[in-house]
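Coordinate analysis (summary)
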Amino acid sequence: MQDQAYQVFAAQQANRGINLEDVKSKLKAFRVETPSWGYADQGTRFKTFKKAGVPRDPFEKLEDAAQVHRFTGICPSVALHIPWDKVEDYVALKTHAAALGLSIGAVNPNLFQEDEYMLGSVTNSNPSIRKKATDHLLECVEIAKTLGSNVLSLWFADGTNYPGQANIRRRVQWMHECLREMYAAMTPEMRMLIEYKFYEPAFYHTDLADWGMAFNMAGKLGPQAEVLVDTGHHAMGTNIEHIVAYLLGEKRLGGFHFNSRKYGDDDLIVGSINPYELFLIFYQILDAARDSDAGVRRTAENIAYMIDQSHNIEQKIPAMIRSVMNVQTQYAKALLVNHEEVKAAQDKQDVLAAENAVRSAFELNVTPLLSAVREEMGLSPDPMTAYLQSGYGEKILARGVGGASW
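Residues numbered from 1 in each chain as written. Predicted model: local features only at pLDDT ≥ 70, side-chain atom pairs only at ≥ 80, totals over all residues. Heavy atoms only, no water.

As for its placement among the helices and strands, Gly264 is situated in the loop between β9 (253-258) and α9 (275-288). The exposure class assigned to Gly264 is buried, which follows from its relative accessible area of 4%. (Helix = DSSP H or I, 4+ residues; strand = E, 2+ residues; numbered from the N terminus. Buried < 20%, exposed > 50% of the residue type's maximum accessible area, 1.4 Å probe, protein only.)

Once that is clear, we can look at a nonpolar patch on the surface. A surface patch of nonpolar side chains, about 250 Å² in accessible area, is lined by Ile168, Val172 and Tyr204. Tracing the sequence through the fold places Ile168 in helix α6 (residues 168-185). Overall, the relative accessible area of 38% leaves Ile168 in the partly exposed class. (Patch = residues over 30% accessible without salt bridge, like charges linked within 9 Å, V, L, I, M, F, W, Y side chains within 5 Å. Areas by Shrake-Rupley, 256 points an atom, 1.4 Å probe, with all protein chains shown as cover. Salt bridge = Lys/Arg side-chain N within 4 Å of Asp/Glu carboxyl O.)

All right, on to the layout of surface pockets then. Any empty space left between atoms is shown by rolling a water-sized probe over those atoms. Of the volumes computed, that of the largest pocket is approximately 1,100 Å³. Surrounding the largest pocket, 36 residues form its lining, Gly43, Lys197, Asp265, Asp267 and Ser310 being those nearest its centre. When residues of the lining of the largest pocket are traced back to their parent elements, those giving at least two are β3 (103-109) and β4 (151-154). Grouping the constituent residues of the lining of the largest pocket by class yields 12 nonpolar, 14 polar and 10 charged. (1 Å grid on protein atoms, 1.4 Å probe; cavity = no way out; pocket = protein on both sides within 12 Å on 5 of 7 lines; lining within 4 Å. Points joined across faces, edges and corners; volume = space filled by probe spheres on them. Nonpolar A, V, L, I, M, F, W, Y, C, P; charged D, E, K, R; others polar.)

Quick look at the nonpolar core now. Membership of the largest hydrophobic core comes to 110 residues, with the highest contact counts inside it found for Phe256, Phe282, Ile285, Leu336 and Leu369. Considering each element in turn, this core owes the most residues, 10 residues, to helix α11 (residues 316-335). Those residues in contact with Ile285 that sit more than four places away from it in its chain are Val244, Leu248, Phe256, Ala300, Ile303 and Tyr305. Judged by nonpolar contacts, the second largest core, of 9 residues, contains Trp84, Ala106, Val151 and Ala304. (Core = buried A, V, L, I, M, F, W, Y, C linked by side-chain atoms within 4.5 Å. Contact = heavy atoms within 4.5 Å.)

Compared with the 16 Å implied by 1.5 Å per residue over 12 residues, the 17 Å span of helix α13 (residues 351-362) between its first and last C-alpha is a close match. Of all the positions in α13, only Ala354, Ala357, Val358, Ala361 and Phe362 are classed as buried. Take α13 and look down its axis: the buried residues cluster within an arc of 145°, on one side only. (Expected span 1.5 Å × (residues − 1). Arc of directions from axis to C-beta.)

Here we take up the packing of aromatic side chains. Applying the stated criterion across every chain yields a total of 21 aromatic pairs. Note on Trp84 and Phe112: the rings are 6.0 Å apart at their centroids and 80° apart in plane angle, and the pair reads as edge-to-face. With a gap of 28 residues between them, Trp84 in the loop between β2 (77-82) and α4 (90-99) and Phe112 in the loop between β3 and α5 (127-147) connect regions that are remote in the sequence. Phe112 gets classed as partly exposed once you look at its relative accessible area, which sits at 29%. (Phe/Tyr/Trp six-rings, centres within 6.5 Å; stacked < 30°, edge-to-face > 60°.)

Counting buried residues along strand β8 (residues 225-230), 6 of its 6 residues qualify, which places the element largely inside the surrounding structure. Across 4 bridges, strand β6 (residues 191-195) lies against β8 in parallel orientation. Looking at the pairing, Met192 lines up with Ala225 of β8. Bridge count between β8 and β9: 4 bridges; the pairing is parallel. Directly across from Val227, in β9, lies its bridge partner Leu253. On the question of chirality, the crossover connecting β8 to the parallel β9 by way of helix α8 (residues 240-249) is right-handed. (Pairing = 2+ DSSP bridges. Right-handed = clockwise from strand over helix to strand, strands pointing away.)

Inspection of the entire model under this criterion finds 23 salt bridges. Taking the shortest distance from any N to any O, the salt bridge between Arg399 and Glu60 comes out at 3.5 Å. Highlighted residues: Arg399 in the segment after α16 (392-395) and Glu60 in helix α3 (residues 58-72), separated in sequence by 339 residues. With a relative accessible area of 12%, Arg399 lands in the buried category. Judged by relative accessible area, Glu60 falls into the buried class, the value being 10%. Overlapping salt bridges, with partners in common, bring together Glu21, Lys24, Lys28 and Glu376 in one network.

Here the focus is the packing of helix α12 (residues 339-347) against α13. Between α12 and α13, the shortest axis-to-axis distance is 8 Å and the interhelical angle comes to 165°. On the basis of their axis angle, the class for α12 and α13 is roughly antiparallel. Along this stretch, α12 crosses α13, giving a crossing that reads as left-handed. Contacts from Glu341, Val342, Ala345 and Gln346 in α12 reach Ala353, Ala354, Ala357 and Val358 in α13. Along the lines of polarity and charge, the residues of the contact of α12 with α13 split into 6 nonpolar, 1 polar and 1 charged. (Axes fitted to C-alpha atoms, helices over the stretch in contact; angles between N-to-C directions. Parallel < 35°, antiparallel > 145°, perpendicular 65-115°, else oblique. Left-handed = near helix turned anticlockwise from the far one by under 90°.)

Let's shift gears to α4. Turning to α4, its buried residues number three or more, namely Tyr90, Leu93 and Ala97. Buried residues along α4 cover an arc of 55° about the axis, so they all sit on one side. More than 90 degrees from the buried face of α4, the exposed residues found are Ala98 and Ala99. In this structure, the buried side of α4 is in contact with α3, β2, β3 and α5. Two to three positions downstream of the cap, the backbone nitrogen of Val91 sits 3.1 Å from a side-chain oxygen, assigning the N-cap of α4 to Asp89. One or two residues past the end of α4 sits Gly101, with phi positive at roughly 80°. (Polar contact = N/O pair within 3.5 Å; in protein donor to acceptor, adjacent residues only side chain to side chain.)

Written out as structure tokens, the structure reads:
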């Protein structure tokens, strides 16, 4: 029945002018990085919810991440957060990852949990605190070198709660000074991805409040600095795919932190609230991959796709699998856009035909396609069911309650 469904689907796509073998090839090559913190206990501002079976250290986080890769086939790297994932021997951690079929992905410095950072880290008016923050950034560069990571992912909680609390212009200068020192310590292969967030935990102003500020900071630092777009870090109604398209055109889009939001930075499972937005983001990326400008094409092909979620009421591994599957589904749909049809409608200034050419791909049921791709990759066509039936979730209950949390 499944083969029959795929044959019908394949015939439909051939009639639409889609090269399905090319689509399948891209799906097999697609990669999504999962975060170590997504496997740990999380909570709200009011409580961290403890669950049985949660990893007790970075080594066990990698073991859980390996299960996500085992059943989805597209998550071979894991992002780390320092000092949450600090260990005495990073070579041993790297070796453990390799034994599990994984590699270490982005290294994320933590500049928001020390008491000294209450009024800012790299933007603090106290020079000794700025030095402490810079030293931590430099420490993370060295950790990344040891781990073989080429991505440093930066997010700052720095900001103020009240007018007049601090000198905003001076804080921008201080941040640049700190990041410039970090940038100089990077190897030529490394990339610095600069994230932004318009509010929380600072409620009056945030030092990197939007993509333009992150873009400007990256431009000041050099070509190895790029912008990271977190899909949860925007005001309601923000056209994120417009931001993506602009950054692609400027060759400064470095990566994504995928999650979903209803109101603010809600850290919901990717694609659970507005899957069309996620689809349109991928549409812009795939359109840029066809651009006549080689630099734009390279940018579109070198994006770091990462999950950034703090699952607090969900079971960790199933929630991560669901997030990855949702991302893969919207990417698959975006691959089915007929770009020649879109361009022809645009050239004719046929608004409805252009919109329909994009939307019609989103409305397709890609289950037969994804099932076929997974089977060709030696995977179960249903990763979630395969994981739930594997017994791993029951096995890790022996860890008990009281794993890593923040």
